[in-house]
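Observations on chain architecture
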Amino acid sequence: MKISDESLKSALERHLLEGDDTLSAESIGRYKREARKRFPEWTEAMESMQKLQERYTPEEIAMIAKQERHKPPKNADIDFNGTKVKFAFVTDTHFGAGCFDEAYWFAFLDKCKEEKVEFIAHSGDLVDGTPKHRMDTIYGMKVIGYANQLHYARELLSKTDIPIYIISGNHDRFYSDALIVEDVCETLPHCHYVGEDKGNIEIHTPSGDLNIMMWHGNDGNAGMSYSLRVQKIIESLSIYEQPDLLLTGHTHKACSIYCQNRNVYAVSGGALCGQSHWMRAKRLENHCGFYILEATVGKRGIVSLSTTWYPLNEHIL
């Protein structure tokens, strides 16, 4: 086609923007094909302007042209695939307490073996300690004293070889002159003490990393919903220390939430013991059971998370 760029553009402008129909449809078709070869961006802009003229008046187009334009976000490549990490979450076992039943522990270990979990996370109150300010609790205890509870905890934890990561809770610290959780873990190679009241487990997979924070605390959830206490813990963390997954203990309440603003998943673990006399007197509900979790880990952290709660009570055992 022997036509200059200027003549080609001028002809198309008259046709597209001014409605000039002096050229045949065949000629316009050839002009458009040639224009797309020479200057595709200009051609696309002209055709877009034609569409605007079909929809809006000249005054409206002038108003649109003066407005600030916000580019829409680019489509993200969404991939739900990743490496699956399966583990058990238990907390507040209170070994030695009157409200603890060994049947709970062995049912938990059986399910861990059946589900082939890779590790166990324990968010504190491994033992019941010696709550001197709760004499009614002491009278009902099955195992009393540091040495006896240390031996009892070792005995129960040795019933499995699955790696166990444990933090200490407020009951574990009732022995103020001894760190009973740390002492237990020093003698059992599959048990790992990861902190007092708070600790992290770092999981590295071929698809990405998973940061799990375990939290016990010494606060309650009186006057608030189960999930609100967990949410407040997340809000108290700086963005530099926030985990992918938060596992909380202490309140003996089971629930799971997702905080989208922080991109943090959180699970409150209930307890692996019954309701104590102290909790009953305070009218505090006790959720006895444990979780099996499966996280799919990708480049952006947790791609998906499934949480399965297994309740334990006298009606089940």
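First, a word on scope: everything that follows refers to the structure included in this document. Just so you know, these numbers come straight off a predicted model, no measurement behind them. Along each chain, residue indices are assigned from 1 in the same order as the chain's sequence is written. In keeping with the model being predicted, local features are shown solely for residues with a pLDDT of at least 70 and side-chain atom pairs are shown and tallied solely at 80 or more, while totals for entire chains, interfaces and linings include all residues. Here the side-chain values reflect all heavy atoms present in the structure, with hydrogen atoms and water set aside.

Turning next to the pattern of salt bridges. Salt bridges are identified by distance alone: a Lys or Arg side-chain nitrogen within 4 Å of an Asp or Glu carboxyl oxygen. Taken as a whole and judged by the stated rule, the model has eight salt bridges. Between Lys111 and Glu114 there is a salt bridge; the shortest N-O distance is 3.2 Å. Of the two residues, Lys111 and Glu114 both sit in helix H5 (residues 102–115), three residues apart, roughly one turn of that helix. Burial classes follow relative accessibility: with a 1.4 Å probe on protein chains only, a residue under 20% of its type's maximum area counts as buried, one over 50% as exposed, and anything between as partly exposed. Taking relative accessible area as the criterion, Lys111 reaches 18% and is therefore assigned buried. A run of DSSP states H or I qualifies as a helix once it reaches four residues; a run of E qualifies as a strand once it reaches two. Both are numbered from the N-terminal end.

Unlike most non-glycine residues, Asp92 shows phi in positive territory, near 50 degrees. Assignment of secondary structure puts Asp92 in the loop between strand S1 (83–90) and H5. Since its relative accessible area comes to 0%, Asp92 is described here as buried. The backbone phi angle of His250 is positive, close to 90 degrees, even though this residue is not glycine. Mapped onto the elements of the fold, His250 is located in the loop between strand S7 (245–248) and strand S8 (254–259).

This part covers the sheet that holds strand S3 (residues 164–168). The strand order S4-S3-S2-S1-S10-S11 describes an open sheet built from six strands, whose pairing is mixed. Looking at which strands have only one partner, the edges of the open sheet turn out to be strand S4 (191–196) and strand S11 (301–311). Taking the axes of each pair of neighbouring strands and ignoring which way they run, one obtains an average angle of 20 degrees across the sheet. In terms of strand pairing, strand S10 (residues 289–298) meets S11 through 10 bridges, oriented antiparallel. Within the sheet, the bridge partner assigned to Val297 lies in S11 and is Ile302. Taken strand by strand, H5 contacts S1, strand S2 (120–122), S10 and S11, and its axis lies near 25 degrees from that of S10. At least two DSSP bridges between two strands are needed for those strands to be called paired. Whenever a helix is involved, its axis is fitted only over the stretch in contact; in every case the axis is a line through C-alpha atoms, and angles between N-to-C directions fall within 0 to 180 degrees. By definition in these notes, contact holds between two residues if any of their heavy atoms fall within 4.5 Å.

In contact at an axis separation of 11 Å, H5 and helix H7 (residues 146–157) are set at 30 degrees when each is read in the N-to-C sense. Classified by the interaxial angle, the pair formed by H5 and H7 is roughly parallel. Touching Glu102, Trp105, Phe106 and Leu109 of H5 are Tyr152, Leu156 and Leu157, all from H7. Under the scheme applied here, ten amino acids are nonpolar (Ala, Val, Leu, Ile, Met, Phe, Trp, Tyr, Cys and Pro), four are charged (Asp, Glu, Lys and Arg), and all others, including Gly, are polar. Here the contact of H5 with H7 is composed, by residue class, of six nonpolar, no polar and one charged. Throughout, the term roughly parallel applies to angles under 35 degrees, roughly antiparallel to angles over 145, roughly perpendicular to angles from 65 to 115, and oblique to all others.

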